[in-house]
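Each chain, written out:
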Amino acid sequence: MFVKRTLAAIGVAALMSAAPASAQDTIYVPLISKGFQHQFWQAVKAGADQAAAELGVSVTFEGPDNEGQVDRQIDMLAAALAKEPKAVGFAALDSQAAIPLLRQAQSNGIPIIAFDSGVDSDIPITTAATDNIAAAALAADKMAELIGGSGQVAVVAHDQTSRTGIDRVEGFTGRIKEKYPDIEVVTVQYGGGDQLESTELTKAILAGNPDLKGIFGANEGSAIGVLNGVTEMGRDKVVVIGYDSGTQQKQAIRDGKMAGAITQNPVGIGYETVKAAVAASKGEDVPESIDTGFYWYDATNIDDPKIAAVLYD
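What you are looking at is a predicted structure, and each value in this text was computed from that prediction instead of being measured.

A.B. asks: Sorry, what's going on with the overall build of the protein here?
C.D. replies: The number of helices and strands found in the protein is 11 helices and 12 strands. Computed over its C-alpha atoms, the radius of gyration of the protein comes to 20 Å, within 12% of the 20 Å expected for a compact globule of 313 residues. Dimensions of the protein along its principal axes, counting C-alpha atoms only, are 65 × 35 × 35 Å. Here the protein, with 313 residues, has 54% of them falling under the buried criterion. For the protein, the proportion of contacts with a sequence separation of at least 24, taken over those separated by at least 6, is 76%. By element, 48% of the accessible surface of the protein is carried by carbon and sulfur atoms, the whole surface being about 12800 Å². Charge separation in the protein, taken as the distance between the mean sites of 24 positive and 40 negative side-chain charges, equals 2 Å.

A.B. asks: Please clarify how the packing of helix α7 (residues 195-208) against helix α8 (residues 220-232) should be interpreted in this entry.
C.D. replies: Any two packed helices are characterised by how steeply their axes cross, that is the angle between the axes, and by the distance between the axes. For the pair α7 and α8, interaxial distance at closest approach is 7 Å and the crossing angle is 45°. Here α8 runs oblique to α7, going by the angle between their axes. When the axes of α7 and α8 are compared, the crossing they make is right-handed. Facing Gln195, Ser198, Thr199, Thr202, Lys203 and Leu206 of α7, the residues of α8 in contact are Gly221, Ser222, Ile224, Gly225, Val226, Asn228, Gly229, Val230 and Glu232. Among the residues forming the contact of α7 with α8, the class breakdown is 4 nonpolar, 9 polar and 2 charged.

A.B. asks: Is there a simple way to think about helix α9 (residues 247-254) in this case?
C.D. replies: Note that an α-helix has 3.6 residues per turn; residues three or four places apart therefore point the same way. Buried within α9 are the following residues: Gln249, Lys250, Ala252 and Ile253. Down the axis of α9, the sector holding all buried residues measures 160°, keeping them to one side. Tucked into the core, α9 has its buried residues touching α8, β9 (239-243), β10 (260-263) and β12 (295-297). Among the residues trailing α9, Gly256 stands out with phi positive, at a value near 80°.

A.B. asks: Explain the sheet that holds strand β4 (residues 112-115) here, please?
C.D. replies: Remark on secondary structure: sheet strands pair via backbone hydrogen bonds, oriented parallel or antiparallel. Taken in spatial order, the 6 strands of this open sheet run β2-β1-β3-β4-β5-β11, and their pairing is parallel. At either end of the open sheet lies a strand with only one pairing partner, and these are β2 (58-62) and β11 (290-291). Bridging between strand β1 (residues 28-32) and β2 involves 5 bridges; their strand directions are parallel. The residue bridging Ile32 from the neighbouring strand is Glu62, located in β2.

A.B. asks: Explain the pairing of strand β8 (residues 212-217) here, please?
C.D. replies: Remember that side chains alternate between the two faces of the sheet whenever the strand is regular. Taken across its 6 residues, β8 has 5 buried, putting it largely inside the fold. One ladder, built from 5 bridges, connects strand β6 (residues 151-157) with β8; its direction is parallel. Each bridged residue has a counterpart across the sheet, and for Ala154 the counterpart in β8 is Ile215. Pairing of β8 with β9, which is carried by 3 bridges, proceeds in the parallel orientation. Bridging from a neighbouring strand, Phe216 pairs with Ile241 of β9. Each parallel crossover has a hand, and the one from β8 via α8 to β9 is right-handed.

Cut-offs used in this document
Throughout, residues of each chain are indexed from 1 in the direction in which the sequence is written. Note on the predicted model: pLDDT of at least 70 is required for a residue's local features to be given, and 80 or more for side-chain atom pairs to be given and counted; whole-chain, interface and lining totals, by contrast, use all residues. Note that water and hydrogens are dropped before the side-chain values are worked out from all heavy atoms of the structure. We count a stretch as a helix when DSSP gives it H or I for four or more residues in a row; a strand needs E for two or more, and each element gets its number in order from the N terminus. The globule rule used here is 2.2 Å times the number of residues to the 0.38 power, and the radius of gyration it is set against is calculated over C-alpha atoms. Each residue gets one of three labels from its accessible area relative to the maximum for its type: buried under 20%, exposed over 50%, partly exposed in between, using a 1.4 Å probe on protein chains only. Throughout, a contact is declared for two residues whenever any of their heavy atoms are within 4.5 Å. Using a 1.4 Å probe, the Shrake-Rupley method yields the accessible areas, and only the shown protein chains count as cover for residues. Here Asp and Glu are counted as negative and Lys and Arg as positive; His is not counted, and neither are the chain ends. In plain terms, the charge of a residue is placed at NZ if it is Lys, CZ if Arg, CG if Asp and CD if Glu. Fitting a line to C-alpha atoms yields each axis, with helices limited to the stretch in contact; the angle taken between N-to-C directions then spans 0 to 180 degrees. Each angle is binned into one of four classes, with values under 35 degrees roughly parallel, values over 145 roughly antiparallel, values of 65 to 115 roughly perpendicular, and all other values oblique. In this scheme the handedness of a crossing depends on how the near helix is turned from the far one: anticlockwise by less than a right angle means left-handed, clockwise means right-handed. Three classes are used: nonpolar for Ala, Val, Leu, Ile, Met, Phe, Trp, Tyr, Cys and Pro, charged for Asp, Glu, Lys and Arg, and polar for all others, with Gly counted as polar. Of all possible arcs, the one meant is that of the directions from the helix axis to the C-beta atoms. Strands are labelled as partners when DSSP assigns at least two bridges between them. A crossover counts as right-handed when, viewed with the strands pointing away from the observer, the path leading from the first strand over the helix to the second turns clockwise.

Laid out in structure tokens, this is it:
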């Protein structure tokens, strides 16, 4: 399916009048990410830089220091829009907070490309992202298999405001409820994607649930926090499933400390975001959504070329 709204539909005249004459020859696309504390975002940036080099456009990539700084991200978006770019890539920390600024961009004829985490609005021309509900549902299936189809499990997620946080929790808990009546999700806790906070949450979950069989960590920081908490509490038999990759998760999987994880395609997310932004800036149609894919990986397939290509350190 293709979007019906091209750049012309959102105001090409406004874009042309807003852009300074000196910028006519170069397409400038700022990307505002959710943060920089995880290697995931560095991999997204690498993909964006690759597309920029291939397409001959100017790209900047920035994000707040951590994924709790919604106000800081909004400030970054406002500053990017003030430079009158040809298009903007935006990964929302809060699925609603940025909508007023996005409406402003729309009225000025600046197409918005959502990436990784969309917004609760039809303003973005497209969203380049993982199908997080389906990916987390796969994590639930793997958890059920690994704990024998019954018992108590928990979730440590990064937030309940971004689409990734909402969708991954919904995907995991929804699949458990739908298919596994003998598995109980005893709690969902939110650690802001911070390893230390997620570690302390995990320790508290384990202390309060002595029969717990498994924990799903819904992003890189959450998963490492879960792993650390399980280790510190001496609960090595608890099944840990992660999300994303990074050096620590990959090593934990190789060592048998983490059962496995869902990997996205972060380089592909960055690449497709810039590609779509350039197309939109030229008035071309782009897909309504861009599914960048996901995979389950564990010790049995971590070195498979297809899997290794989408993992990062």
